[in-house]
Amino acid sequence: MKSFINVQDLGPLDKAMAEAFEIKNDRYKYQHLGKNKTLMMIFFNNSLRTRLSTQKAAMNLGMNVIVLDVNAGAWKLETERGVIMDGDKSEHLLEAIPVMGCYCDLIGVRSFAGLTDREYDYAETVLHQFIKYSGKPVFAMETATVHPLQAFADLITIEEHKTVERPKVVLTWAPHCRALPQAVPNSFAEWMNAAEDVDLVITHPKGYELDPKFVGNACVEYDQKKAFEGADFIYAKNWSNPGVTNPADYGKITCEDRSWTVDTEHMSWTNNGKFMHCLPVRRNLIVTDDVIESKNSLVIPEAANREISCSVVLKRMLEAL
Amino acid sequence: MKSFINVQDLGPLDKAMAEAFEIKNDRYKYQHLGKNKTLMMIFFNNSLRTRLSTQKAAMNLGMNVIVLDVNAGAWKLETERGVIMDGDKSEHLLEAIPVMGCYCDLIGVRSFAGLTDREYDYAETVLHQFIKYSGKPVFAMETATVHPLQAFADLITIEEHKTVERPKVVLTWAPHCRALPQAVPNSFAEWMNAAEDVDLVITHPKGYELDPKFVGNACVEYDQKKAFEGADFIYAKNWSNPGVTNPADYGKITCEDRSWTVDTEHMSWTNNGKFMHCLPVRRNLIVTDDVIESKNSLVIPEAANREISCSVVLKRMLEAL
Amino acid sequence: MKSFINVQDLGPLDKAMAEAFEIKNDRYKYQHLGKNKTLMMIFFNNSLRTRLSTQKAAMNLGMNVIVLDVNAGAWKLETERGVIMDGDKSEHLLEAIPVMGCYCDLIGVRSFAGLTDREYDYAETVLHQFIKYSGKPVFAMETATVHPLQAFADLITIEEHKTVERPKVVLTWAPHCRALPQAVPNSFAEWMNAAEDVDLVITHPKGYELDPKFVGNACVEYDQKKAFEGADFIYAKNWSNPGVTNPADYGKITCEDRSWTVDTEHMSWTNNGKFMHCLPVRRNLIVTDDVIESKNSLVIPEAANREISCSVVLKRMLEAL
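Remember, predicted model here, so these are calculated numbers, not experimental data. (Residues numbered from 1 in each chain as written. Chains lettered and ligands numbered in written order. Predicted model: local features only at pLDDT ≥ 70, side-chain atom pairs only at ≥ 80, totals over all residues. Heavy atoms only, no water.)

## Observations concerning the sheet that holds strand E10 (residues 219-220) of chain B
In step 1: Strand order in the open sheet made by the 5 strands is E10-E9-E8-E11-E12 (chain B), with parallel pairing throughout. Edge positions in the sheet fall to E10 and strand E12 (274-276) of chain B, since each of these pairs with one other strand and no more. (Pairing = 2+ DSSP bridges. Helix = DSSP H or I, 4+ residues; strand = E, 2+ residues; numbered from the N terminus.)

Structure, rendered in structure tokens:
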């Protein structure tokens with residue numbers, strides 16, 4: 001595996017899932033693979049879960065880890081040719097990225113969407129610069145439009161906690177006070193579509209339609225109550241307007257309707273549904289205290305599975321070196 | 001050992017001291033204990049000695065280390081239930097702390113006193129949140145009211161340098177230009193009380209009385225000269241007003257008397273006393289250049305023993321996993 | 001090797017070069033040397049290449065690594081005796097540096113020139129404080145006036161890419177928008193002088209004369225075109241006025257002449273010369289896009305050799321422990 005961005009990069013999902021459970025059962029089993037191999041984690045944006053779980057997964061595999069915090073403001077890379085670089089950009093990406101590739105074997109990149117230029121964000125410009133110029137395998141640690149390590153962990157969590165063979169999984173929008181990227185819902189939808197034994201329903205206010213390439217064959221239901229009926233899993237997440245229906249709305253908050261907050265009444269519509277969220281979560285905005293603290297809440301085991309999904313990805317990349 | 005806050009957490013001190021000297025003699029002896037174990041160091045406040053010595057101790061024991069700098073300003077955790085989190089706090093401690101616990105085996109926490117609310121500080125609120133919610137063993141890397149890794153290192157240092165069986169140890173307040181917590185003097189007093197072969201005298205200006213639970217059976221002497229007479233060890237430290245005598249003074253500087261600065265004349269009152277301080281130290285405010293540079297100054301070996309005290313604590317916690 | 005600042009610290013260069021190529025061929029060969037040894041990297045200034053390559057080299061050698069970022073503004077060390085430390089300096093170097101030495105086996109220091117006080121900078125004050133007070137072997141990770149790890153990597157790169165037995169190597173000044181230290185050109189000149197099979201020519205505008213102790217026997221040619229004629233390697237670098245000719249100019253930009261920018265025409269004067277630069281580089285100010293992207297550009301392999309030069313230095317220091 002030379003890059004990890006989309007679900008198909010992982011090959012057949014059943015095989016990947018089997019590896020995930022094998023590693024969860026013995027997380028140091030593949031420690032020999034990482035000997036004398038170095039992971040470089042490059043953060044253009046802050047991280048808690050991804051930083052910790054990726055570092056843990058790499059150490060489980062016996063790798064060395066170098067963490068590089070690139071304050072987006074402080075380290076501005078020039079990307080154009082022909083520019084006389086006498087301004088605030090002190091290095092060109094054509095030097096900076098190959099150099100980073102010199103000192104490691106694998107590269108993880110975190111780089112959020114700017115939410116002002118849809119085309120730039122959805123082109124995954126920063127991620128593809130690393131893929132093109134670093135000379136090393138690259139994986140997304142949440143980039144502008146995808147968060148595959150999260151979606152893979154979500155799938156592992158659903159597989160562990162499902163009580164029916166083919167669960168109904170509902171991705172629901174919920175209100176938030178800041179404009180957030182679409183990376184998590186995009187990848188969640190993509191991965192649930194790829195999982196053959198899941199029925200995915202997506203519910204959100206009109207105008208918040210996700211990009212069709214991620215929505216795939218999922219059922220989109222604008223009535224949140226109808227969507228929740230009979231659900232086995234509720235996956236709550238806010239995202240800002242994806243600008244699919246109206247490009248001018250891209251990255252904006254066009255709905256603040258707090259009736260979408262997942263509370264006990266919402267959960268009563270489900271089939272004793274489990275509650276999921278990728279964290280961090282704003283309580284009583286996305287979900288009430290009662291729901292997130294209930295016995296049906298999976299947010300902590302879901303976070304714990306980030307170590308497992310990342311271990312599979314790193315193992316695959318190490319095997320392909 | 002599931003937590004390390006107070007001296008009794010370590011069990012019989014003579015056994016702990018024997019382990020300290022065993023480890024000092026061969027600091028890699030217990031390296032097998034830490035294999036595939038991860039220490040997470042969480043800093044809500046800056047650190048030099050604690051960061052370096054704890055990291056070194058963990059590596060001596062073969063552990064992996066993850067360092068997490070939590071700028072107290074940038075990462076505000078919500079602690080209440082029922083609050084609609086639409087302000088500047090982006091995560092609730094009930095999610096953040098269990099998640100950190102997912103990715104490690106042991107947790108060290110540094111979190112200083114705010115010095116505005118005595119009850120909050122002395123309840124060790126942050127530390128106890130980690131103990132209650134992380135699901136992992138937790139040790140204090142200086143918290144609001146205690147610094148046990150320092151006090152343990154101090155005891156090792158005294159044991160190494162004492163020339164009489166039962167030395168007289170004097171904890172003396174000294175002036176400072178900023179309001180400092182009481183964590184170091186609290187733990188020092190607690191540990192010296194616990195050590196059976198030490199005579200502890202505490203001297204400070206009136207109003208600076210430490211909390212009785214730390215003072216224990218120590219002799220409190222307001223006349224610094226009387227306190228110093230015949231002392232084998234002088235342990236200097238500033239602390240802000242503990243608010244024991246007058247709660248309204250808590251965390252304030254109520255004395256700036258520079259006659260308390262430890263100088264050559266002060267040391268002449270002792271029994272050829274050794275000088276100790278936990279560092280960092282403001283010279284010519286706490287202690288003069290002459291005293292801290294004298295052959296009787298133990299500040300560097302004392303700092304070096306931080307690696308040893310921490311090694312014993314981590315070893316104990318690893319054995320109890 | 002107890003310190004690494006100047007080329008002579010390495011002993012005979014041919015032996016050091018042989019070790020470099022041996023390590024490049026098997027970079028984990030000396031991994032046993034670093035077992036249970038700790039490198040402390042102390043950064044008073046930012047770093048990308050040096051941080052990554054040094055960390056990688058240390059890990060190749062099996063060392064533990066502690067990285068300490070000392071924001072020059074936040075951690076002001078008192079250096080004088082007798083000062084009452086009631087200002088913004090919270091620690092004296094006579095405590096801080098020995099303490100850092102307690103917790104490691106080797107120390108790397110990065111500390112740039114202030115460019116205001118030539119005498120202070122050229123005395124390498126900070127570096128020598130670490131050498132004097134840390135009690136541990138110390139190496140320069142670019143200090144006020146030298147960057148020996150870079151110069152050693154440059155020499156390795158020239159050795160790998162030379163096509164004649166005794167290449168003509170030209171160190172050329174180039175314009176820049178900010179005042180930069182002389183560390184890189186100083187060390188480059190020093191190392192090229194020490195290499196017996198190199199003809200070094202230095203070219204720069206009048207007034208930019210480097211310190212004679214680094215220039216040595218090199219030919220200084222003020223006409224850039226004459227200097228470039230027949231060159232096998234062009235090493236471009238900006239530096240601010242070294243204040244050799246006119247002390248009042250120290251650290252200032254006294255020339256902004258962009259005719260010195262290395263472009264295709266400049267390279268046409270050479271003997272099919274290779275282009276080198278230590279990076280980061282400001283394109284179209286130091287060098288044009290065409291030249292740095294040409295097949296004759298060595299900037300990436302040169303950066304990659306930083307891992308090799310550092311490995312040799314760490315290996316030597318570990319062997320001498």
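## Section: the interface of chain B and chain C
The parts lose accessible area when they come together, and the size of an interface is often stated as this lost area.
In step 1: The interface of chain B with chain C comprises 30 residues on the first partner and 29 residues on the second.
In step 2: Taking both partners together, chain B and chain C bury about 2,500 Å²; carbon and sulfur atoms supply 56% of that area.
In step 3: Summed over the three residues of chain B that lose the most area to chain C, namely Leu52(B), Arg282(B) and Arg283(B), the buried surface amounts to 24% of that side.
In step 4: Joining chain B to chain C, the criterion identifies 5 salt bridges.
In step 5: Between Asp290(B) and Arg81(C) there is a salt bridge, and its shortest N-O distance comes to 3.4 Å.
In step 6: For the pair chain B and chain C, the number of links is 15 residue pairs in polar contact (both at pLDDT 80 or more). (Contact = heavy atoms within 4.5 Å. Buried area = accessible area lost by both parts, 1.4 Å probe. Salt bridge = Lys/Arg side-chain N within 4 Å of Asp/Glu carboxyl O. Polar contact = N/O pair within 3.5 Å; in protein donor to acceptor, adjacent residues only side chain to side chain.)

## Some details on the interface of chain A and chain B
In step 1: Of the residues lining the interface, 30 residues belong to chain A; the matching set on chain B comes to 29 residues.
In step 2: Taking both partners together, chain A and chain B bury about 2,500 Å²; carbon and sulfur atoms supply 56% of that area.
In step 3: Looking only at chain A, the three residues that lose the most surface to chain B are Leu52(A), Arg282(A) and Arg283(A), adding up to 24% of its buried area.
In step 4: Run the count over chain A and chain B and you get 5 salt bridges.
In step 5: The interface formed by chain A and chain B holds 15 residue pairs in polar contact (both at pLDDT 80 or more) in total.
In step 6: Broken down by secondary-structure element, the contributors of at least two residues to the side of chain A that touches chain B are helix H2 (49-60), helix H11 (289-292) and helix H12 (299-319) of chain A.
In step 7: Split by residue class, the side of chain A that touches chain B holds 14 nonpolar, 4 polar and 12 charged. (Nonpolar A, V, L, I, M, F, W, Y, C, P; charged D, E, K, R; others polar.)

## Description of the packing of aromatic side chains
In step 1: In this structure the tally under the stated criterion is 24 aromatic pairs over all chains.
In step 2: Between the aromatic rings of Phe44(B) and Phe130(B), the centroid separation amounts to 6.1 Å while the plane-to-plane angle is 70 degrees, which identifies the pairing as edge-to-face. Of this pair, Phe44(B) sits in the loop between strand E2 (38-43) and helix H2 (49-60) while Phe130(B) is found in helix H5 (residues 125-133), placing the two residues 86 residues apart along the sequence.
In step 3: Judged by relative accessible area, Phe130(B) falls into the buried class, the value being 1%.
In step 4: With 5.0 Å between their ring centres and 55 degrees between their planes, Trp173(B) and Tyr208(B) make a pair best called tilted. With Trp173(B) in strand E8 (residues 168-173) and Tyr208(B) in the loop between strand E9 (199-203) and helix H8 (212-215), the pair connects residues that are 35 residues apart, well separated along the chain. We note that Trp173(B), like Tyr208(B), is buried.
In step 5: The ring centre of Tyr30(C) lies 4.7 Å from the NZ or CZ of Lys315(C), which sits over that ring. (Phe/Tyr/Trp six-rings, centres within 6.5 Å; stacked < 30°, edge-to-face > 60°. Buried < 20%, exposed > 50% of the residue type's maximum accessible area, 1.4 Å probe, protein only. Lys NZ or Arg CZ within 6 Å of the ring centre and 35° of its normal.)

## Focus on the packing of helix H1 (residues 13-25) of chain C against helix H12 (residues 299-319) of chain C
Residues and elements named next belong to chain C.
In step 1: Contact geometry for H1 and H12: axes closest at 9 Å, N-to-C directions at 115 degrees. Read as a crossing pair, H1 and H12 show a hand that is right-handed. Only Asn-305, Ile-308, Ser-311, Val-312, Lys-315 and Arg-316 of H12 make contact with H1, whose side of the interface consists of Lys-15, Ala-16, Glu-19, Ala-20, Ile-23 and Lys-24.
In step 2: Classifying every residue of the contact of H1 with H12 by side-chain character gives 5 nonpolar, 2 polar and 5 charged. (Axes fitted to C-alpha atoms, helices over the stretch in contact; angles between N-to-C directions. Left-handed = near helix turned anticlockwise from the far one by under 90°.)

## Details of the sheet that holds strand E1 (residues 3-4) of chain B
Residues and elements named next belong to chain B.
In step 1: With parallel pairing, the 5 strands of this open sheet are ordered in space as E1-E7-E6-E2-E3. Of all strands in the sheet, those bounded by a partner on one side alone are E1 and strand E3 (64-69).
In step 2: Pairing analysis gives 6 bridges linking E2 to E3, with the strands arranged parallel. Along E3, the bridge assignment pairs Ile-42 with Leu-68.

## Digging into the UniProt feature "binding site: N(2)-succinyl-L-ornithine" (unreviewed entry) in chain A
In step 1: Residues annotated in UniProt with the feature "binding site: N(2)-succinyl-L-ornithine" (unreviewed entry) correspond here to Glu142(A), His176(A), Lys237(A) and Arg282(A). The annotated residues that sit in the lining of the second largest cavity are His176(A).
In step 2: Topologically, Lys237(A) is positioned in strand E11 (residues 233-237).
In step 3: Lys237(A) sits in the buried class, given a relative accessible area of 9%.
In step 4: Residues contacting Lys237(A), with those up to four places away along its chain left out, are Leu171(A), Thr172(A), Trp173(A), Ala174(A), Leu180(A), Val184(A), Pro185(A), His277(A) and Cys278(A).
In step 5: Within the secondary structure, Arg282(A) sits in the loop between strand E12 (274-276) and H11.
In step 6: A relative accessible area of 3% places Arg282(A) in the buried class.
In step 7: Each residue touching Arg282(A), except ones within four places of it in the same chain, is listed here: His176(A), Cys177(A), Arg178(A), Val287(A), Met85(B), Asp86(B), Gly87(B), Asp88(B), Lys89(B) and Ser90(B). (UniProt positions renumbered as here; feature names shortened; annotations may be inferred. 1 Å grid on protein atoms, 1.4 Å probe; cavity = no way out; pocket = protein on both sides within 12 Å on 5 of 7 lines; lining within 4 Å.)

## Section: the state of the cysteines
In step 1: The tally for this structure, following the rule as stated, stands at 0 disulfides over all chains.
In step 2: Just so you know, Cys102(A) is unpaired, no disulfide at all, and the nearest cysteine sulfur is the one on Cys104(A), 8.7 Å from it. (Disulfide = S-S within 2.5 Å.)

## What to know about the relation of the copies chain A and chain B
Between the two copies of the chain lies a relationship made up of a rotation around an axis and a movement along it.
In step 1: Screw-axis analysis of chain A against chain B gives a translation of 0.0 Å along the axis, an RMSD of 0.0 Å, and a rotation angle of 120 degrees. Within this description, the copies of the chain are treated as partners about a three-fold rotation axis. Residues of chain A ranked by C-alpha distance from the rotation axis are headed by Asn64(A), positioned 5.9 Å from it. (Least-squares fit on C-alpha atoms with pLDDT ≥ 70 in both.)

## Here's the deal with the packing of helix H6 (residues 148-161) of chain C against helix H7 (residues 183-194) of chain C
Residues and elements named next belong to chain C.
In step 1: Interaxial distance between H6 and H7 falls to 8 Å at its minimum, and their mutual angle equals 50 degrees. As far as their axial angle goes, H7 and H6 are oblique. Viewed along their axes, H6 and H7 form a crossing whose handedness is right-handed. Contact residues: Pro-148, Ala-151, Phe-152, Asp-154, Leu-155 and Ile-158 in H6; Ser-187, Phe-188, Trp-191 and Met-192 in H7. (Parallel < 35°, antiparallel > 145°, perpendicular 65-115°, else oblique.)

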